Amino acid sequence: MARGSTRPTSRDVAQAAGVSQAAVSLVLGDKWRGRVSEPTAQRVRDAALELGYRPNLAARNLRLGRTRTVLLVVPALTTEFFAEVYTGAARVAAAHGFGVVLYPSPEGVGPARDPFASAQAALDGVIASSMAADALSAIRGDQLPLVMLDSDPEGSLGAATVNLDIADGIHQVADHLLALGHRSFLHLAADIPSWTFEVRARELASRLADVPGTELRTIGAPISIEGALRATEAALAAPGPRPTALVCDDDKLAAGAYKAIRRAGLRVPDDLSVTGLDDLGLATAIDPELTTVRLDAEAFGERGMHALLAVLEGRPPEKGDLPVSLVVRGSTAPPQ
């Protein structure tokens, strides 16, 4: 990139050094030791110097209150959940004299067009879901103070990361089903390349592997009722013993699975126990009501906004994942 052109970003540094943006973040944040080799770290520093790149995440480098506006970047998915995230973030923002603009990525989880003539001139900071991380490139989000939601804390581009304790939620689901006597499991996994869904798959497999005699099969599906219906129908029609427990990554997936189970002439939970994750309004609208993991989306949004305020003020954000809880309803029972 020539000097005097568009301000270089961490993406430009990563390309010039031949590394990931996560590596750039670690090196320039002085958190690389033990994670990145010394030659690689030096290559990143040299690339940043050559390009004239300067991170712009600390409050001392920002005129705090310039617009008192924050952008919340979310995927155009599970809108009820992210609407509650917005409610929580906006409540905290208002208490501190800030406004929050909600920006759902039009393509769901892919890149999005820049909604601003200049994001840096219009915004003081960004809160972004990892499921909509690609949209950040359009708004040059890595040039603003950034808090990532549902993101790998070891490789996040953000100055802070806020997560729900999804791993514990999956452990609660697995332990509940195991205690009921289930040993044959089907995982209906969200077919989305996102850290939060990778955690669900990894933790479920790990928990079940600790119990002798358990079997786990995984199928992927887009987060839609129709996608879950088709995937579950295919799984139930596959040869071999039928699973007794179906663990779904999302309540919407569980609703689609319900339809497939009924079309196969089976009953929930008599023939197949089903669990979800989110505790959306949908969870109590289906029959039987869904056993699921309650994620406090409003508290999630509140924590994200508190974290961004801390970044803007040069304070360390609050540590620790937000707790989640299993809500047991009528969709789970001992296997027949």
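Residues numbered from 1 in each chain as written. Predicted model: local features only at pLDDT ≥ 70, side-chain atom pairs only at ≥ 80, totals over all residues. Heavy atoms only, no water.

- Going by an unreviewed UniProt entry, the chain carries the name LacI family DNA-binding transcriptional regulator and comes from Streptomyces hyderabadensis.

## Quick notes on the nonpolar core
Within soluble globular proteins, side chains that are nonpolar generally end up buried alongside one another.
Stage number 1. If you look at the biggest cluster of nonpolar residues, it comprises 44 residues, and the most contacted ones within it are Phe81 and Met305.
Stage number 2. Put simply, the parts of the chain that give this core at least two residues each are strand S1 (69-75), helix H4 (79-95), strand S4 (146-149), strand S5 (160-162), helix H7 (166-180), helix H8 (195-209), strand S8 (245-248) and helix H11 (297-312).
Stage number 3. When residues in this core are grouped by element, the largest group, eight residues, is from H11.
Stage number 4. Split by domain, the residues of this core number at least three in each of domain 2 (67-164 + 298-322) and domain 3 (166-295).
Stage number 5. In contact with Phe81, other than residues within four places in its own chain, are Leu164, Asp278, Leu280, Leu295, Ala297 and Phe300.
Stage number 6. Membership of the second largest hydrophobic core comes to 28 residues, among which are Leu188, Ala190, Val274 and Ile286. (Core = buried A, V, L, I, M, F, W, Y, C linked by side-chain atoms within 4.5 Å. Buried < 20%, exposed > 50% of the residue type's maximum accessible area, 1.4 Å probe, protein only. Helix = DSSP H or I, 4+ residues; strand = E, 2+ residues; numbered from the N terminus. Domains from an automatic or database assignment. Contact = heavy atoms within 4.5 Å.)

## Describing the confidence of the model for the chain
Stage number 1. Here the chain averages 86 in pLDDT, and 85% of its residues register 70 or above.
Stage number 2. Across residues 57-65, where pLDDT falls below 50, the model places 21 contacts with residues more than four positions away in sequence or in other chains.
Stage number 3. Considering only residues more than four positions removed or in separate chains, one finds that residues 108-112, a stretch of pLDDT under 50, has 19 contacts. (pLDDT = per-residue confidence, 0-100.)

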